[in-house]
Amino acid sequence: MKRFLVLLILCFATPIAAQTGLPPAPYADRQLDDPKQEAAARDLMEELRCLKCQSQSIADSNAPMAGDMRSQVRERIAAGETPEQVRGWLIERYGNWVSYNPPIASAVTWPLWVAPIILLLAALWLARGRFRKTKDGE
């Protein structure tokens with residue numbers, strides 16, 4: 001019975017301990033005053049992956065880390081950086097995976113761009129051989 005109570009307490013205490021006591025980032029949910037800067041920040045946020053959710057952009061995610069990233073994007077754009085500079089800083093910090101559009105020239109990402117072409121050519125070559133055998137057999 002004692003083990004059951006300890007297990008029960010751990011089950012309910014763990015989610016409470018996981019909550020952060022920190023305030024949200026200043027620009028996580030507040031837009032910039034300049035509409036052009038906000039549009040540039042919003043476009044960039046749509047192209048950046050949330051590191052916690054992994055399937056949502058930071059613009060769509062409600063994760064605290066995505067809020068921090070949105071705030072960083074807005075603060076840097078408000079400071080005068082271009083979206084490409086901000087993207088470069090985030091890629092340098094988190095790696096190419098943070099971007100939905102990774103660069104082709106990277107040694108890690110070029111196989112991802114080339115593999116579909118190679119697989120398509122292999123499929124066409126195999127299909128050609130298959131259809132040729134069918135025509136010869138008739």
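In the block above lies the structure referred to throughout.
Calculation rules
Each chain carries its own residue numbering, running from 1 in the written order of its sequence. Selection of residues for local features in this predicted model requires a pLDDT of at least 70, selection of side-chain atom pairs for listing and counting requires 80 or more, and totals for whole chains, interfaces and linings are taken over all residues. Neither water nor hydrogens contribute to the side-chain values; these are computed over all heavy atoms in the structure. Within this document, salt bridges are pairs made up of a side-chain nitrogen of Lys or Arg and a carboxyl oxygen of Asp or Glu, the two lying within 4 Å of each other. Numbering goes from the N terminus for both helices and strands, where a helix is a DSSP run of H or I of at least four residues and a strand is a run of E of at least two. Burial status follows relative accessibility: with a 1.4 Å probe on protein chains alone, a residue under 20% of its type maximum counts as buried, one over 50% as exposed, and anything between as partly exposed. Expected span of a helix, by definition, is 1.5 Å for each gap between consecutive residues, and there is one gap fewer than residues. We call two residues contacting when some pair of their heavy atoms lies within 4.5 Å.

A.B. asks: Even after reading the chapter, I still don't get the pattern of salt bridges, so can you show me in this structure?
C.D. replies: It is possible for side chains bearing opposite charge to pair when their charged atoms get close. Evaluated as defined, the whole model comprises 4 salt bridges. Of the charged contacts in the structure, one is a salt bridge between Glu 47 and Arg 87, with a shortest N-O distance of 2.3 Å. With Glu 47 in the loop between helix H2 (35-46) and helix H3 (64-78) and Arg 87 in helix H4 (residues 83-94), the pair connects residues that are 40 residues apart, well separated along the chain. Looking at Glu 47, the relative accessible area reads 27%, which means it is partly exposed. When salt bridges that share partners are traced, they join Glu 47, Glu 84 and Arg 87 into one network.

A.B. asks: Any chance you could explain H3 here in plain terms?
C.D. replies: Because the α-helix completes a turn every 3.6 residues, residues three or four places apart line up on one side. Compared with an ideal rise of 1.5 Å per residue, which puts 15 residues at 21 Å, H3 spans 21 Å between its outermost C-alpha atoms and is within 8% of the ideal. Every buried residue belonging to H3 is among Ala 66, Gly 67, Met 69, Arg 70, Ser 71, Val 73, Arg 74, Arg 76 and Ile 77, and all of these are buried. Contacts made by the buried residues of H3 are with H2 and H4. Count one or two residues on from H3 and you reach Gly 80, which has phi positive near 110°.

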